[in-house]
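Listed here are the chains, written in short residue letters.
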Amino acid sequence: MGSTDQHTHAEPPASPKPRKQEQEPASEEVTEVAPGVLRCQLPISMPGLGHVNCYVLEDERGATIVDPGLPGPRTLGVLRKRLASAGIPLKRVHTVVVTHSHPDHFGGAGWVRRESGADIVTHKLFHVFWDRNEPPDLDVEDLAALGSGGEEEPLRRRRSPWDPPPWGGPSMRPPLKRRLLMRGARRFPSLARTPRPTVRLDDADRITLGGREWVALYTPGHTDDHLCLFDPADGVMLSGDHVLPTITPHIGGYVRNVDPLASFFNSLDKVAAYGSQVTVALPAHGQPFADLAGRAKSIQEHHLGRLDIARAASEEAGRPLTVSEMSTHLFSPRAQGPMADSETFAHLEHLRLLGAYRRTDTDEGYLYEPA
Ligand SMILES: [Zn+2]
Ligand SMILES: [Zn+2]
């Protein structure tokens, strides 16, 4: 499901483009990145990404790992090798934490569980889009947690990126082979080893992993089910894809949340509020970094800048614009396509829900203009 793990385009392209940290190929080394926290890198091939960081926390029972990479025997083999080089047999893994429902993060979880019987820990809203049984329908509390605006702005229907997007333009339909694989995964989730969480955390829940206590931070935006973990004693933040060192995570329209950008801003404020307590942030891609609050702020400014560009583009056009048209103003020609449209849609919906924009539904999709 490569095309739906959407971390794209950071800052506007400058040429020649240096390689971003997140694009570096997976290192074979296992390194200690914070006191008692090991990092191994697993190879992934997704747009803009060369590896996923799998963090390892040891205790007397064995090990917890965070984000075990893509599904499949290849990743499992690499993980087994990396852990062995740190003296940890795969069967000693008793817990797998999954930060969110993208395949480079949850994919390996079911595979590891088959080997070791590990618990799978996620946020309580964890959901793989092709798995219709999981979780059951949300109760009203959960709807509120997702930032539903009440009756007049109900949650959107859960969307498949394969369907034509309601905002118009092309869908992200993956190649036939991958569609068949995903259809198989939906029909036979246990054969596909689609992970079933055994521990679902709520915001502010505490959990002991690697002999230390972590606080669960619900951080929706990039997905509806994103989870960060914070260890207040050592100031370690496992930031997942929520805050990455040099690229910005995709905020798009294929989520149930009606205003994922607003949720993302809130979630950035939420982790930034821990500012001075954080000694190191450990992201799912790229290198550890110290200034979490500063990085959160600059990501927020990046999106606010994009909203300004949208307003200016509407003013210049002097007529309602389609999502694809607006996309040409927000993104470079290289980045154009269904993912850019999805991200543009999230920005325009944010402006609409702020009352700054108006939307008209047409046969060709949505048209947006300043209100
Ligand atoms: Zn992701
Ligand atoms: Zn990711």
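Overview of the structure. For clarity, every value in this text was computed on a predicted model and none was experimentally measured. (Residues numbered from 1 in each chain as written. Chains lettered and ligands numbered in written order. Predicted model: local features only at pLDDT ≥ 70, side-chain atom pairs only at ≥ 80, totals over all residues.)

## Looking at the pairing of strand 16 (residues 357-362)
Here strand 16 pairs with strand 17 (residues 365-370) via 6 bridges, running antiparallel. Looking at the pairing, Thr360 lines up with Leu367 of strand 17. Between strand 16 and strand 17, which pair antiparallel and follow one another directly, the connecting turn spans 2 residues. (Pairing = 2+ DSSP bridges. Helix = DSSP H or I, 4+ residues; strand = E, 2+ residues; numbered from the N terminus.)

## Details of the environment of Ser324
Note that Ser324 resides in helix 8 (residues 323-330). Separated by 42 residues in sequence, Ser324 and Tyr366 have C-alpha atoms that sit 9.7 Å apart. Once you skip the residues sitting within four places of it in the chain, Ser324 turns out to touch Gly168, Gly169 and Asp341. (Contact = placed C-beta atoms within 7 Å.)

## Observations regarding helix 8
Val323, Ser324, Met326, Ser327 and Leu330 are the residues of helix 8 that are buried. Buried residues of helix 8, seen end-on, are gathered within an arc of 155° and therefore sit on one face of the element. Those residues of helix 8 hidden inside the fold are in contact with helix 7 (292-317), strand 15 (321-322), helix 9 (338-353) and strand 17. (Buried ≥ 20, exposed ≤ 12 C-beta atoms within 10 Å, placed from the backbone. Arc of directions from axis to C-beta.)

## Quick word on the nonpolar core
Cys54, Tyr55, Val56, Val96, Leu229 and Met237 are the most contacted members of the largest nonpolar core, which totals 86 residues. The contact partners of Met237, leaving out residues within four places of it in the chain, are Cys228, Phe230, Val271, Tyr274, Val278, Ala281, Leu282 and Leu292. (Core = buried A, V, L, I, M, F, W, Y, C linked by C-beta atoms within 7 Å.)

## A closer look at the packing of helix 8 against helix 9
Remark: helix 8 packs on helix 9, axes separated minimally by 9 Å, with the N-to-C direction vectors making an angle of 95°. Classed by the angle they form, the pair helix 8 and helix 9 counts as roughly perpendicular. From helix 8, Val323, Ser324, Met326, Ser327 and Leu330 reach across to helix 9, where they touch Ala340, Asp341, Thr344, Phe345, His347 and Leu348. In terms of residue class, the contact of helix 8 with helix 9 is made up of 6 nonpolar, 4 polar and 1 charged. (Axes fitted to C-alpha atoms, helices over the stretch in contact; angles between N-to-C directions. Parallel < 35°, antiparallel > 145°, perpendicular 65-115°, else oblique. Nonpolar A, V, L, I, M, F, W, Y, C, P; charged D, E, K, R; others polar.)

## Some points on the sheet that holds strand 9 (residues 206-209)
Strand order in the open sheet formed by 5 strands is 9-10-11-12-14, with mixed pairing between adjacent strands. Since the sheet does not close on itself, it has two edges, and those belong to strand 9 and strand 14 (280-283), each with one partner. Ignoring strand direction, the axes of neighbouring strands in this sheet form an average angle of 30°. Sheet topology places strand 12 (residues 236-240) next to strand 14; 4 bridges connect them, and they run parallel. Across the sheet, residue Leu238 finds its bridge partner in strand 14, namely Leu282.

## What to know about the packing of helix 7 against helix 9
At their nearest, the axes of helix 7 and helix 9 sit 10 Å apart, and the two run at 80° to each other. It follows from the interaxial angle that helix 7 and helix 9 lie roughly perpendicular. Contacts from Arg306, Leu307 and Ala310 in helix 7 reach His347, Leu348 and Leu351 in helix 9. Across the contact of helix 7 with helix 9, the residue classes break down as 4 nonpolar, 1 polar and 1 charged.

## Observations concerning unusual backbone geometry
Of all residues except glycine, most have a negative phi; of all peptide bonds, most are trans. One non-glycine residue, Asp67, lies in positive phi territory at about 60°. Residue placement: Asp67 occurs in the loop between strand 5 (62-66) and helix 1 (73-85). One non-glycine residue, Ala204, lies in positive phi territory at about 75°. Mapped onto the fold, Ala204 is located in the loop between strand 8 (199-201) and strand 9. Here Ala204 falls in the exposed class, since 9 other C-beta atoms lie within 10 Å of it.

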